[in-house]
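Residue-level structural notes
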Amino acid sequence: MATDTATTDATTATSHQFQAEVAKLLHLMVHSVYSDRDVFLRELISNAADALDKLRYEAIANPQLLEGQPDLTITITPDKEKKTLTITDTGIGMSEQELIDNLGTIAKSGTQAFVEQAKAKQGDVHLIGQFGIGFYSGFIVAGKVDVISRRAGSDQAWMWSSDGSGSFTMTPVESAPRGTSIVLHLREDALEFLEDWKIESVVRTYSDHIAHPIMLSVGNETAKQINSANAIWTRAKSDITPEQHKEFFGHISGNYSDPALTLHYRAEGRNEYTVLLYVPGERPFDLYDPERRGRQKLYVKRVYIADDVELLPAYLRFVRGVIDSEDMPLNISREMLQNNPQVAAIRKAVTNKVLSELKKLSETDDAAYRKLWEIYGPVLKEGLYEDMERRDQLYELVRFKSTKGDWVSLKDYIAGLKENQTAIYYLTAEDAAKAKASPQLEGYKARDVEVLLLTDPVDSFWVRTALGYEGKPFKSVTQGSADLDLIVAKDEAKPDAAADAETAVLAAALKQALGERVKDVRSSKRLTESAVCIVNDSMMDRTLEKLLSRQKDSGISVSAPILEVNPGHPLIKALAAQVKAKGAASVEDAAQLLLDQAFIIEGEQVPDPASFAKRLADVMAKAFG
Ligand SMILES: Nc1ncnc2c1ncn2[C@@H]1O[C@H](COP(=O)(O)OP(=O)(O)OP(=O)(O)O)[C@@H](O)[C@H]1O
């Protein structure tokens, strides 16, 4: 496939296939009906602004990249005759390989998920930028897109060209100015984007804050500036409208919804810097990306430096925005940033500020805070084991589901302690429904003791190292039950030495029958309704063990549990009587059934379903026979 553009040599064009995800995405762009197709211009301007930022940064160390032309601008040129709209920037540009890689593949994870989601929602474009597919949005309005680019410092320019079906072509270009021109060959139904008023209105709505001048070419080589081009964070707080925040937040995060929390302030003193950070009101698609990368942008005196500097700890990676330092050296290299004491000081101060703003929100607007907690809670909890220094601050922020309600704070929990209660009790489980159904809670319910239900995978990790809150240790309800003795149950049966002795004999018989399948069998205080339950001994929580055993190479397998029996349950009493009358061998089948039943209550698989079914059938046959 060759292109017919005059500046290229058609004979040297090569054709390349799109990565499968890109092809799918493009198909979606071309065939969906977008109500809000203006966004393509925002996306292309956003990319152009990034390219200008990158050049400005690289030129600090390497000024010849500017080639004596320091102008960093974006120019939009409508051509009514050719029906093209061209977005040109004088930025960093792309080499041949970069054009192929950047505009032929999607590196980010989660793209497949986006494509599925967009399909389901008939093309919900407000998510586009978030997935790093901004460039492809050009195909919303264009039947064909040409990208002519020359990387700063290079002599060779290239043209990338595609009609949005399975492939694109690459052609060398004789000569081209530094930077990138995106030429959109507009479809008939998108010709309104050639009108000055339309372009101006879209730019004002979406791109006014772009810190570089955006020029509209109005013919005869004249152009007028159509944005205000000042960095939003340098303006007075009172001068920025919520719409402008929303627009800027969208530009940096790709998510054009209202931010849930905005932090804008200037730090003075030893380090001077301006902070403009947002907490997104919607869950970012890459919140659980294994890289756990934050993307706060570091600027030095309005010059973009990098967005991978870890300005906040990983457990605050969802916070997006800009930190602009007044006193760091402009020519700082990325390597130097890694261990820079000023960066460390900024990270410390800004982290504290973000946490204290979250705390303030929790105190002033509980409903808004809960909404944020539901989205970011599992991520914030990572801080409980990663950031020991701020664990106490984080304890003030955490909220839990519990046996008494949703989203209790540790303070609430402590306020509701029962007499003689010495610990903060919790139960880890894979989800709230399973947790609530757990027989291990029975003894606590009977004593009206609140139990926190920890259902996020991260919970099993932090809670192991948590020392406690306000002098009360965290204690799993599955670990030991001696302390329950101290708290009086509502209608607790009196201890009965003879019955206890019988249960002990039964426990020994069950243990013998179950052999390797259990670590121990013992009488339980925590059961009031169910006949049995399984627990682990105190070394490792069962939920954590299950979690780790699923990871390859963890070397951890689920260990044999301890079976606990409820001495007050009629079945256990009957079995105890049976052992007394007919000996241990008479409860062998019952022992297997009890253990299998305990697995079922935990939502675990019965190890040998066929034997389980056979035994159950035998027992029922005896009962009904
Ligand atoms: N005008 C441009 N100049 C230089 N490089 C560009 C330009 N437009 C796009 N690119 C390159 O192509 C890549 C892909 O662009 P695309 O808009 O698809 O995603 P992105 O910009 O990386 O994602 P996001 O919009 O989330 O930042 C960019 O990361 C950038 O490297």
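For the structure, see preceding data.
Residues numbered from 1 in each chain as written. Predicted model: local features only at pLDDT ≥ 70, side-chain atom pairs only at ≥ 80, totals over all residues.

**What to know about the overall build of the protein chain**
Secondary structure assignment for the protein chain yields 20 helices and 22 strands. For 625 residues, the compact-globule estimate of 2.2 N^0.38 gives 25 Å, and the protein chain exceeds it by more than 25% at 32 Å. Each principal axis of the C-alpha distribution contributes one length, and for the protein chain these read about 105 × 60 × 40 Å. Considering the protein chain as a whole, with its 625 residues, one finds that 38% of them fall into the buried category. A separation of at least 24 residues holds for 72% of the contacts in the protein chain among residues at least 6 apart in sequence. (Helix = DSSP H or I, 4+ residues; strand = E, 2+ residues; numbered from the N terminus. Rg over C-alpha atoms; globule rule 2.2 N^0.38 Å. Buried ≥ 20, exposed ≤ 12 C-beta atoms within 10 Å, placed from the backbone. Contact = placed C-beta atoms within 7 Å.)

**Re the environment of Ala613**
With respect to the helices and strands, the residue Ala613 is situated in helix α20 (residues 609-624). The class for Ala613 is exposed, based on 12 C-beta atoms found within 10 Å. Expressed as a C-alpha distance, the spacing of Ala613 and Leu593, which sit 20 residues apart in the sequence, is 9.3 Å.

**Considering helix α2 (residues 39-61)**
Since there are 3.6 residues in each turn of an α-helix, residues three or four apart along the chain are aligned in direction. With 23 residues, α2 ought to run about 33 Å at 1.5 Å a step, and its terminal C-alpha atoms sit 34 Å apart, in line with that. Most of α2 is tucked away: 17 of the 23 residues are buried. (Expected span 1.5 Å × (residues − 1).)

**Quick notes on the environment of Ile106**
Note that Ile106 resides in the loop between α3 (96-102) and α4 (111-120). Looking at Ile106, the number of C-beta atoms within 10 Å reads 24, which means it is buried. Here the alpha-carbon distance between Ile106 and Glu21, two residues 85 residues apart in the chain, equals 7.3 Å.

**A look at the pairing of strand β3 (residues 84-89)**
Here strand β2 (residues 74-79) runs beside β3; their pairing, made up of six bridges, is antiparallel. Looking at β3, one finds that Pro78 is bridged to Leu85. Hairpin geometry of β2 and β3 is characterised by an intervening segment of four residues between the two adjacent antiparallel strands and by a positive phi of about 55° at Lys83. (Pairing = 2+ DSSP bridges.)

**Here's the deal with the sheet that holds strand β18 (residues 452-454)**
Spatially, five strands are ordered β16-β15-β18-β17-β19 in an open sheet, and the strand pairing comes out mixed. The open sheet has two edge strands, β16 (405-409) and β19 (474-476), and neither has a second partner. Between one strand axis and the next, the sheet turns through 50° on average, direction left out of account. Here strand β17 (residues 424-428) pairs with β18 via three bridges, running parallel. From the neighbouring strand, Leu427 faces β18, where its bridge partner is Leu453. Its contacts with the sheet put helix α15 (residues 457-465) on β17, β18 and β19, and the angle it makes with β17 is roughly 145°. (Axes fitted to C-alpha atoms, helices over the stretch in contact; angles between N-to-C directions.)

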